[in-house]
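# Coordinate analysis (summary)
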Amino acid sequence: MMMMKAKRLKILLFLFAFNSITLYFYFYFSSHPDYFPNRSNPHFTRNHTKSHVSITATAKPWPILPSYLPWSHNREVPVRSCEGYFGNGFTLLVDALKLSPASHRKSVSDSSAGGGWFRCHYSQTLLSSICEGGQIRMIAEKIVMSKGGEELEMVLGRGEEEELPLFKPGAFQIEVLERSKIGKKLVNVDFLNNYLPNGAIHRHTMRQLVDSIELVGPNELNCSEWVEEPTVLVTRFEYANVFHTFTDWYSAYVASRVTGLPNRPHIVFMDGHCKAQLEETWNALFSSIRYAKSFRGPVCFRHAILAPLGYETAWFKGLSEDIDCNGASARELWQHPDDKKTARLSEFGEMIRAAFGFPVDRHHNSRPVSGLNVLFVRREDYLAHPRHGGKVQSRLSNEEQVFNSIEGWASNHSACKLNIINGLFAHMSMKEQVRAIQDASVIAGAHGAGLTHIVSATPRTVVFEIVSSDYRRPHFALIAKWKGLEYHAIYLDGSYADPPGVIYKLSGILRGLGC
């Protein structure tokens with residue numbers, strides 16, 4: 001009997017090990033399609049002739065997100081609907097350069113096949129495009145800007161104009177097989193005006209990038225390095241500001257989903273900004289980051305995606321136009337689709353939490369034994385960028401007094417235990433900031449970019465903003481609305497807040513949470 005049990009145990013262990021190994025290889029190779037060179041994907045042909053080969057298989061998989069809804073290419077997405085603003089409203093597909101029939105026929109069986117392609121997904125809601133292409137060469141020497149990626153202390157006083165790109169003709173090139181197209185520009189002015197309009201943007205760098213693209217023959221695309229995995233090209237403007245960087249993160253995320261990338265892409269910064277604290281989140285969200293000027297010699301991309309500028313996202317456009325959307329759960333929208341509701345901000349907030357390894361299925365269903373966390377997001381002095389003096393403009397003149405008053409009041413609160421968290425974000429890592437946000441039942445603070453983190457809050461978190469008379473801007477009221485969070489505000493006559501008045505408002509919020 002004992003021998004039979006031992007034999008059965010060995011068989012079970014063997015089957016378990018075999019099944020684990022099988023599943024490992026299945027998921028690994030499923031998430032790395034480049035290991036299957038014979039897959040008939042016209043966007044990933046092989047042509048390494050006269051080139052230094054750089055084969056990468058380092059893309060991170062997408063995490064499982066409770067609020068995720070399919071990013072299907074539904075051509076019927078209504079203009080100015082919530083999905084049009086925050087999801088896949090990029091429904092008009094425009095080919096600037098189609099993959100040549102000869103290249104398509106050769107792509108599976110002939111490694112010498114050439115020929116690139118380029119197309120844009122245009123949004124009639126946002127009036128912007130997500131563009132993508134293949135067999136694209138970037139010549140960094142033809143991009144005029146600073147190198148980028150330096151330590152901040154090394155470039156103090158450097159002007160912003162030095163950090164933004166100026167693309168010379170031919171800075172980007174695409175391989176074509178048709179002789180009649182060689183030497184010509186990829187697109188004309190009409191294409192740019194129709195699908196990459198300047199709008200209110202003074203310097204539209206992605207439009208300028210596309211305008212620089214020239215077509216070259218199949219024997220001219222010599223590269224010192226090939227980037228095999230999908231790469232999103234991003235130009236950042238206000239790169240040290242949390243709110244504006246959130247718009248860049250979201251734009252890159254949406255571009256990745258709209259183009260159907262199987263894994264998280266790599267990022268190349270098409271700017272010359274120095275290093276910033278916010279790069280920690282760029283690295284967490286995507287597979288890798290790199291500055292355009294860091295490449296040695298011409299570099300070729302099998303698949304490059306151009307993300308819209310952060311100024312073109314609904315996050316920024318909502319500051320000047322009415323975007324009538326309310327946050328809802330993905331489950332509700334799956335069962336009852338509604339053009340006036342969205343779960344996309346919740347999806348993205350979960351993406352940020354998952355990127356840092358935090359659980360994404362946590363909700364504040366009941367009062368925790370350890371007490372309720374009230375996170376007070378602070379504004380403090382720090383050196384943000386080369387043109388910054390290190391002093392942050394105060395939005396709440398007696399912030400320290402208000403915080404100390406809340407702490408004193410909470411320590412004597414008998415109804416339930418309160419943990420007042422001092423949110424000194426400027427001196428916390430991005431991961432620590434996200435952790436503080438997800439653990440908070442109430443997020444409070446004066447109007448400031450740090451409150452953009454409410455995107456990563458759990459569904460039942462309450463937002464409490466203290467708004468001075470000089471900064472009555474709708475940023476965080478809108479984000480709370482679009483995410484479906486409860487929002488409260490105190491509007492000050494100046495920049496001084498009466499501590500008892502703040503505490504009175506906060507105590508009412510806590511009563512609503514059962515405290």
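Look a little higher up for the structure.
Described in the following lines is the structure provided in the data block. Here the structure is a predicted model, which is why all the values come from computation and not from measurement.

### Observations concerning the layout of surface pockets
Gaps left between atoms show up when a probe the size of a water molecule is rolled over them. Computed from the structure, the second largest pocket encloses a volume of approximately 450 Å³. What lines the second largest pocket is a set of 18 residues, and nearest its centre among them are Leu69, Pro70, Glu83, Pro337 and Arg344. Within the residue set of the lining of the second largest pocket, elements represented by two or more residues are α2 (82–86), α10 (330–335) and β16 (341–342). In terms of residue class, the lining of the second largest pocket is made up of nine nonpolar, four polar and five charged.

### A few points about the pairing of strand β2 (residues 117–123)
Extensive coverage of β2 is indicated by the burial of seven of its seven residues. Here β2 shows no split at all, with Trp117, Arg119, His121 and Ser123 on one side and Phe118, Cys120 and Tyr122 on the other all buried. Alignment of strand β1 (residues 92–97) against β2, held across five bridges, turns out to be antiparallel. Opposite Leu92, over in β2, you have Tyr122 as the bridge partner. Bridge analysis of β2 against strand β3 (residues 128–134) gives seven bridges, and the strand direction is antiparallel. Paired with His121 across the two strands is Ile130, which belongs to β3.

### Considering the sheet that holds strand β7 (residues 172–175)
Across the sheet, five strands lie side by side as β8-β7-β4-β13-β9; this open sheet has mixed pairing. The strands lining the two open edges of the sheet, one partner per strand, are β8 (213–216) and β9 (225–227). Averaged over all pairs of adjacent strands, the angle between their axes in this sheet comes to 30 degrees, without regard to strand direction. Bridge analysis of strand β4 (residues 136–138) against strand β13 (residues 299–301) gives three bridges, and the strand direction is antiparallel. Note that in β13 the partner of Ile136 across the bridge is Phe301.

### Remarks on the sheet that holds strand β14 (residues 304–306)
Read from one edge to the other, the open sheet built from seven strands follows the order β1-β2-β3-β14-β10-β11-β12, with strand pairing classed as mixed. Pairing within the sheet leaves two strands with one partner each, and these edge strands are β1 and β12 (288–291). Within the sheet, the average angular offset between the axes of one strand and its neighbour, ignoring direction, is 25 degrees.

### Structural notes on helix α7 (residues 242–258)
Taking 1.5 Å per residue, 17 residues should reach 24 Å; α7 reaches 24 Å between its end C-alpha atoms and fits that length. Extensive coverage of α7 is indicated by the burial of 17 of its 17 residues. Near the N-terminus of α7, the side chain that reaches the backbone nitrogen of Phe243, with its oxygen 2.9 Å away, is that of Asn241.

### Digging into the packing of helix α12 (residues 399–411) against helix α15 (residues 499–512)
When two helices pack together, you describe them by how their axes are tilted relative to each other and by the distance separating the axes. α15 packs onto α12 with a crossing angle of 50 degrees between their chain directions and a minimal axis gap of 10 Å. Considering their axes alone, α12 and α15 lie oblique with respect to each other. As for how α12 packs across α15, the hand of that crossing is right-handed. Seen from α12, the contacting residues are Gln401, Val402, Ser405, Ile406 and Trp409; seen from α15, they are Pro499, Val502, Ile503, Leu506, Ser507 and Leu510. Of the residues belonging to the contact of α12 with α15, the class tally is eight nonpolar, three polar and no charged.

### So, the state of the cysteines
A full pass over the atoms with the stated rule returns four disulfides. Here Cys120 pairs with Cys131 through a disulfide, and the sulfurs are 2.1 Å apart. Residues Cys120 and Cys131 share a disulfide whose torsion about the S-S bond is about 100 degrees; that sign makes it right-handed. Highlighted residues: Cys120 in strand β2 and Cys131 in strand β3, separated in sequence by 11 residues. Using a relative accessible area of 0% as the deciding quantity, one classes Cys120 as buried.

### Observations regarding the pattern of salt bridges
Within the structure shown, the criterion is met by 16 salt bridges. A salt bridge links Glu83 to Arg344; the nearest nitrogen and oxygen atoms lie 2.9 Å apart. Placement of Glu83 in helix α2 and of Arg344 in helix α11 (residues 344–355) is noted, with a sequence separation of 261 residues between them. The exposure class of Arg344 is buried, given its relative accessible area of 4%.

### What about the packing of aromatic side chains?
In this structure the tally under the stated criterion is 20 aromatic pairs. Taken together, a centroid distance of 5.2 Å and an interplanar angle of 70 degrees make the contact between Phe269 and Tyr291 edge-to-face. Of the two residues, Phe269 sits in strand β11 (residues 266–269) while Tyr291 sits in strand β12, which places them 22 residues apart along the sequence. Taken together, the ring pairs in this structure connect Trp62, Trp71, Phe246, Trp249, Tyr250, Tyr253, Phe269, Trp282, Phe286, Tyr291, Trp315 and Phe348 into an aromatic cluster. Its end group placed over the ring of Phe295, Arg290 keeps NZ or CZ at 3.8 Å from the ring centre.

### What about empty space enclosed by the protein?
Summed over the entire model, instances satisfying the criterion amount to four cavities of 30 Å³ or more. By volume, the largest cavity amounts to about 100 Å³. Residue lining of the largest cavity: 13 residues in total, with Phe90, Leu126, Ser251, Val254 and Thr313 positioned closest to the centre. Counting only elements with at least two residues in the lining of the largest cavity, the list comes to β3 and α7. Broken down by element, the residue count for the lining of the largest cavity peaks at four residues, all from α7. Taken as a whole, the second largest cavity encloses approximately 60 Å³ of empty space. Forming the boundary of the second largest cavity are Thr235, Arg236, Phe237, Glu238, His244, Thr247, Asp248, Leu309, Gly310 and Tyr311. A breakdown of the residues in the lining of the second largest cavity according to their chemical character gives three nonpolar, four polar and three charged.

Cut-offs and rules
- Residues numbered from 1 in each chain as written.
- Predicted model: local features only at pLDDT ≥ 70, side-chain atom pairs only at ≥ 80, totals over all residues.
- Heavy atoms only, no water.
- 1 Å grid on protein atoms, 1.4 Å probe; cavity = no way out; pocket = protein on both sides within 12 Å on 5 of 7 lines; lining within 4 Å.
- Points joined across faces, edges and corners; volume = space filled by probe spheres on them.
- Helix = DSSP H or I, 4+ residues; strand = E, 2+ residues; numbered from the N terminus.
- Nonpolar A, V, L, I, M, F, W, Y, C, P; charged D, E, K, R; others polar.
- Buried < 20%, exposed > 50% of the residue type's maximum accessible area, 1.4 Å probe, protein only.
- Pairing = 2+ DSSP bridges.
- Axes fitted to C-alpha atoms, helices over the stretch in contact; angles between N-to-C directions.
- Expected span 1.5 Å × (residues − 1).
- Polar contact = N/O pair within 3.5 Å; in protein donor to acceptor, adjacent residues only side chain to side chain.
- Parallel < 35°, antiparallel > 145°, perpendicular 65-115°, else oblique.
- Left-handed = near helix turned anticlockwise from the far one by under 90°.
- Contact = heavy atoms within 4.5 Å.
- Disulfide = S-S within 2.5 Å.
- Salt bridge = Lys/Arg side-chain N within 4 Å of Asp/Glu carboxyl O.
- Phe/Tyr/Trp six-rings, centres within 6.5 Å; stacked < 30°, edge-to-face > 60°.
- Lys NZ or Arg CZ within 6 Å of the ring centre and 35° of its normal.

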